[in-house]
Amino acid sequence: MEDVPEHIAIIMDGNGRWAKSRFLNKAAGHRAGAQALRRLAVDAEKMGVKILTVYAFSTENWKRPQDEVDTLMELIHDYIQQYIDDSKKNDMRICLIGDLTRLSDELQRKIADLQEMTSNKKGLRIVIALNYGGRDDITRAARKLAADVRGGRTTLNEIDEKMFASYLDTKDLPDPDLLIRTSGEMRISNFLLWQTAYSEMYFCDKLWPDFTIKDLEKAISQYRRRDRRYGGRNE
Ligand code: FPP
């Protein structure tokens, strides 16, 4: 496929409604969501996408009932374990963004292992946003930068957009070209606030567990018809 977005970000919404419509519990919906992600990663890689950033758990998701939070953490744990087990035969590179300090020690260790084990992989890069919030990302960056100014490691005059971006969790990633949100909601919900300044947005009604390669193709074909001007003119 030509002109495929290099970096796609996805808000995987609708697991709960998917489960409800089948008289299943929320855990079954999130499990189906995790499977949809595994399938889509393989499809996206085949299509030539280089980076897939997915919103797995937001800084606000802690407000959900404890059993749902536990289910999501278990699923994410299993997902990471699966990639550790598969990492010899798998070419995907996995990294995480977000404030990982609130996660269990065991999960933090697993994440560190996975990032280390896949750091030299050349295939699709999957970026999992976990305990991630766009405002939290910017706030943590501001705090680190202020500490560097106070410590004399940089000066106020050196601060510009590029430099500020180097303090964000996404410092070594290009901005997303395309942001997809499923399930009919049309919000960013505190996802990559800084990074999506010029991303193309694609909203669709499909619930996340039902999102397939066909839907990805539709999103990409609409993206291709967009005229990206970044505030300028293309005449
Ligand atoms: C939104 O659906 C989805 C989430 C809050 C979590 C997304 C997580 C997964 C897809 C699975 C686990 C992720 C990984 C990386 C293994 P919702 O529950 O808000 O849906 P609803 O609005 O229909 O209730």
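Keep in mind it's a predicted model, so treat the numbers as computed, not measured.

**Q** Got a minute to help me understand the packing of aromatic side chains in this structure?
**A** Aromatic rings considered in pairs are described by the distance between their centres and by the relative angle of their planes. Evaluation of the coordinates by the stated rule reveals eight aromatic pairs. When the ring of Tyr55 is compared with that of Phe191, the centres are 4.2 Å apart and the planes differ by 15°; the resulting orientation is stacked. With Tyr55 in strand β2 (residues 51–58) and Phe191 in the loop between β5 (178–181) and β6 (200–203), the pair connects residues that are 136 residues apart, well separated along the chain. Accessibility assignment for this pair places Tyr55 and Phe191 in one class, buried. Consider the rings of Tyr79 and Tyr83, whose centres lie 5.1 Å apart with planes at 55°: the pair is tilted. Within this pair, Tyr79 and its partner Tyr83 are both found in helix α3 (residues 66–86), separated by four residues, close to a single helical turn. Like Tyr79, the residue Tyr83 is buried in the burial classification. Pairwise contacts between aromatic rings join Tyr55, Tyr132 and Phe191 into one cluster. Directly above the ring of Tyr83 sits Arg38, whose terminal nitrogen or CZ lies 5.0 Å from the centroid.

Rules of the game
- Within every chain, residues take consecutive numbers counted from 1 along the sequence as written.
- Restriction of local features to residues with pLDDT of at least 70 applies here, the model being predicted, together with a cutoff of 80 or more for giving and counting side-chain atom pairs; totals for whole chains, interfaces and linings are based on all residues.
- In computing side-chain values, all of the structure's heavy atoms are included and hydrogens and water are not.
- Pairing of aromatic rings covers Phe, Tyr and Trp, the last counted by its six-membered ring, and requires centre-to-centre distances within 6.5 Å; plane angles under 30 degrees mean stacked, over 60 mean edge-to-face, and any other angle means tilted.
- Working definition: helices are DSSP H or I runs of at least four residues, strands are E runs of at least two. Numbering for both runs from the N terminus.
- Each residue gets one of three labels from its accessible area relative to the maximum for its type: buried under 20%, exposed over 50%, partly exposed in between, using a 1.4 Å probe on protein chains only.
- The rule is short: NZ of Lys or CZ of Arg within 6 Å of the ring centre and within 35 degrees of the ring normal puts a charge over the ring.

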